[in-house]
Amino acid sequence: MRATFAQSIEKEWVVIDATDQVLGRLCAKVALILRGKNKPTYSPFVECGDNVIIINADKVRLTGKKMTDREYLSYTGYPGGQRVTTPELLMKKAHNKHIKPGYNPLFIKVMKGMLPKNRLGRRIIENMHVYLGPEHPHAAQNPKVIDINTIK
């Protein structure tokens, strides 16, 4: 049953403008779209969400001093291998020319916390494409532009 149900899902492409949006609130709504919870055909064990393109990601904002004071911890697995990063450093990494287009370390870090921690979550996060400017290379998919403020 799972294979036939998964094949019948119609996935759309959606463009979201992140200009002057608060990062956490924006990502919570994007997670809802990526999971497919805004569709009547939602099923928790099937990848039924849409593909999301986020443009103007460099214009996203964090409230208060979170850009410099919030710390994300990661551990390499070696003694003394605990690393600390801030959202400001992750935004600077996004401007690195060696990073794959459509990949933004800050958005990936925030979105991974909002998606399931299993195989399905790892597959779903690949449906998010984040671009710093207003252009994106997905025009062939005919994405529809939606206003993120209208999603509850």
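Shown above is the structure to which this text applies.
Residues numbered from 1 in each chain as written. Predicted model: local features only at pLDDT ≥ 70, side-chain atom pairs only at ≥ 80, totals over all residues. Heavy atoms only, no water.

Chemist: Explain the overall build of the chain residue by residue, including any values.
Modeler: Secondary structure summary: the chain contains 6 helices and 6 strands in total. Each helix (α) and strand (β) of the chain, taken in turn from the N terminus, gives the series α-β-α-β-α-β-β-α-α-α-β-β. Compactness check: the chain gives a C-alpha radius of gyration of 16 Å against a globular reference of 15 Å for 152 residues, within 12% of the reference. Dimensions of the chain along its principal axes, counting C-alpha atoms only, are 50 × 35 × 30 Å. Within the chain, buried positions represent 39% of all 152 residues. Across the chain, the fraction of contacts at a sequence separation of at least 24, relative to all contacts at a separation of at least 6, is 68%. With an accessible surface of roughly 9,500 Å², the chain has 52% of that area assigned to carbon and sulfur atoms. Taking the average place of the 25 positive charges on the side chains of the chain and the average place of its 13 negative ones, the gap between the two points comes to 8 Å. (Helix = DSSP H or I, 4+ residues; strand = E, 2+ residues; numbered from the N terminus. Rg over C-alpha atoms; globule rule 2.2 N^0.38 Å. Buried < 20%, exposed > 50% of the residue type's maximum accessible area, 1.4 Å probe, protein only. Contact = heavy atoms within 4.5 Å. Areas by Shrake-Rupley, 256 points an atom, 1.4 Å probe, with all protein chains shown as cover. Lys, Arg positive; Asp, Glu negative; His and termini not counted. Charge placed at Lys NZ, Arg CZ, Asp CG, Glu CD.)

Chemist: Mind laying out the nonpolar core, listing which residues take part and the relevant values?
Modeler: Counting residues in hydrophobic clusters, the biggest one holds 31 residues, and the most contacted among them are Val30, Phe107 and Met128. For this core, the secondary-structure elements that each account for two or more residues are strand S1 (13-17), helix H2 (23-35), strand S2 (51-55), helix H4 (87-94), helix H5 (105-112), helix H6 (119-124) and strand S5 (128-130). Take this core: its biggest share by element is 7 residues, from H2. In this structure Val30 touches Ile16, Val52, Ile54, Met111 and Met128, once residues within four positions along its chain are discounted. (Core = buried A, V, L, I, M, F, W, Y, C linked by side-chain atoms within 4.5 Å.)

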